[in-house]
Amino acid sequence: MGRSGAARAEGLYGVHPGVAMVQKWVAELKRKTGRSLEDWVTLIKKDGPKDEKSRREWLKSKHKLGTNSAWWLAERADGKGGEDSDPDSYLKAAEGYVEEQYSGAKALLRPIYDELLSLSRSLGEDVKACPCKTIVPFYRQHVFAQIKPTTNTRVDLGLCLTDYNSKSKTGKLPKRVIDTGGAAKKDRITHRIEIKSIGEIDADVKKWLRAAYELDE
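Presented here is a report on the structure given in the accompanying data block. Here the structure is a predicted model, which means the values were calculated and not measured.

## Some points on the overall build of the protein chain
Along its length, the protein chain carries nine helices and six strands. Expressed along its principal axes, the backbone C-alpha trace of the protein chain runs to roughly 60 × 45 × 30 Å. Per-residue burial over the protein chain gives 44% buried out of 217 residues. In the protein chain, the share of contacts with a sequence separation of at least 24, taken over all contacts with a separation of at least 6, comes to 59%. Surface summary for the protein chain: the accessible area is close to 12,000 Å², and the carbon and sulfur share equals 49%.

## A few points about the layout of surface pockets
Size it by volume and the largest pocket reaches roughly 360 Å³. Along its surface, the largest pocket is lined by 17 residues, and Glu-83, Asp-84, Tyr-90, Tyr-97 and Lys-133 are the ones closest to its centre. Within the residue set of the lining of the largest pocket, elements represented by two or more residues are helix 1 (17-33), helix 4 (67-77) and helix 5 (87-101). At four residues, helix 1 tops the list of elements feeding residues into the lining of the largest pocket. Grouping the constituent residues of the lining of the largest pocket by class yields nine nonpolar, three polar and five charged.

## Description of unusual backbone geometry
Of note, Lys-64 is a non-glycine position whose phi angle comes to about 60°, a positive value. With respect to the helices and strands, the residue Lys-64 is situated in the loop between helix 3 (52-61) and helix 4. Of note, the phi angle at Lys-186 is positive, near 60°, even though the residue is not glycine. Along the chain, Lys-186 turns up in the loop between helix 8 (182-185) and strand 6 (191-195).

## Side note on the pairing of strand 2 (residues 136-139)
Across the two faces of strand 2 the burial is the same, with Val-136 and Phe-138 and Pro-137 and Tyr-139 all buried. Pairing of strand 1 (residues 128-129) with strand 2, which is carried by two bridges, proceeds in the antiparallel orientation. Paired with Lys-128 across the two strands is Tyr-139, which belongs to strand 2. The pairing of strand 2 with strand 3 (residues 143-151) spans four bridges and is classified as antiparallel. The residue bridging Phe-138 from the neighbouring strand is Ala-145, located in strand 3. Connecting strand 2 to the next strand, strand 3, in antiparallel fashion are three residues.

## Structural notes on the environment of Arg-31
Its place among the elements puts Arg-31 in helix 1. C-alpha of Arg-31 to C-alpha of Val-177: the two residues are 146 residues apart in sequence and 48 Å apart in space.

## Comments concerning helix 1
With 17 residues, helix 1 should cover 24 Å at 1.5 Å per step; its first-to-last C-alpha distance of 24 Å lies within 8% of that length. Along helix 1, the sharpest change in direction is near 40° and occurs at Ala-27. Three or more residues of helix 1 are buried, namely Val-19, Val-22, Trp-25, Glu-28 and Leu-29. At its buried positions, helix 1 is contacted by helix 2 (37-47), helix 4 and helix 5. Remark: Gly-34 follows helix 1 within two positions and exhibits a positive phi of approximately 90°.

## A closer look at the side chain of Thr-190
For Thr-190, the position within the fold is in the loop between helix 8 and strand 6. With relative accessibility at 1%, the residue Thr-190 sits in the buried group. What Thr-190 contacts, discounting residues up to four positions off in sequence, is Leu-159, Cys-160, Leu-161, Thr-162, Ile-178, Asp-179, Thr-180, Gly-181, Gly-182 and Ala-183.

Parameters and conventions
Here the residue index of a chain counts from 1 through its sequence in written order. Totals for whole chains, interfaces and linings use every residue, but because this is a predicted model, local features are given only for residues with pLDDT of at least 70 and side-chain atom pairs only at 80 or more, for both listing and counting. Remark: hydrogens and water are excluded; side-chain values derive from all non-hydrogen atoms of the structure. Secondary structure elements follow DSSP: runs of H or I of four or more residues count as helices, runs of E of two or more count as strands, with numbering from the N terminus. Note on classification: 1.4 Å probe, protein chains only; a residue is buried when its accessible area is under 20% of the maximum for its type, exposed when over 50%, partly exposed between these limits. Contacts are assigned to residue pairs with any non-hydrogen atoms lying within 4.5 Å of each other. Accessibility throughout is a Shrake-Rupley quantity obtained with a 1.4 Å probe, and a residue counts as covered only by protein chains that appear here. Using a grid of 1 Å spacing that covers the protein atoms alone, one calls a set of points a cavity when a 1.4 Å probe fits there but cannot get out, and a pocket when the set is open and has protein on both sides within 12 Å along at least five of seven lines; lining residues are those with an atom within 4 Å of a point. Grid points are joined across faces, edges and corners, and a volume is the space filled by probe spheres set on the points. Each residue is assigned to one class: nonpolar for Ala, Val, Leu, Ile, Met, Phe, Trp, Tyr, Cys and Pro, charged for Asp, Glu, Lys and Arg, and polar for all the others, Gly among them. Any two strands between which DSSP finds at least two bridges are classified as paired. The span one expects for a helix is its residue count, reduced by one, times 1.5 Å. We define the bend at any residue as the angle between the axes fitted to the seven residues before and including it, ending there, and the seven starting there.

Shown next as structure tokens:
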């Protein structure tokens, strides 16, 4: 795909914690619902609506399934979602998620992403980058940062700085570190830094990225 450096390195990404959650859901499905994953897929294809959205509503209304179960089953019946419960499939899909995020008009942002990815992973061996379809979050114990190509000209580095006042020795947040309102909504990502060029990944960015990492002990 023509990407240099870290973007294609062996072991670049870790398995998203959500994969284990879906694996657990699959394992417990028959005990909780009376049907295995395969049984549900067969039933949906035989008796359910034809489109995925209608299938989700049908599973919730007729079969009283929760939103997540209805969503996952409707996807599986449509031949999608296998990467959600298989680590190898997830890791293969993860590279595609990143390629898609930085395609087209956003391709020029890829060097910024690669630099932030390398910087984040260099914080410690316990850092895992786990791409999703629209963002790349970083985990230690929890999500402590994320990279998002927000516009065609800007990447946002999201940071979890919930407890920086009481735990961090890095001082007052500068204006550049923008409050997202995440703390009030109980989101992990509470602040963001707008980055439009590699040159903007300076000592200040490194300082607050490390602060977020160290707060997640």
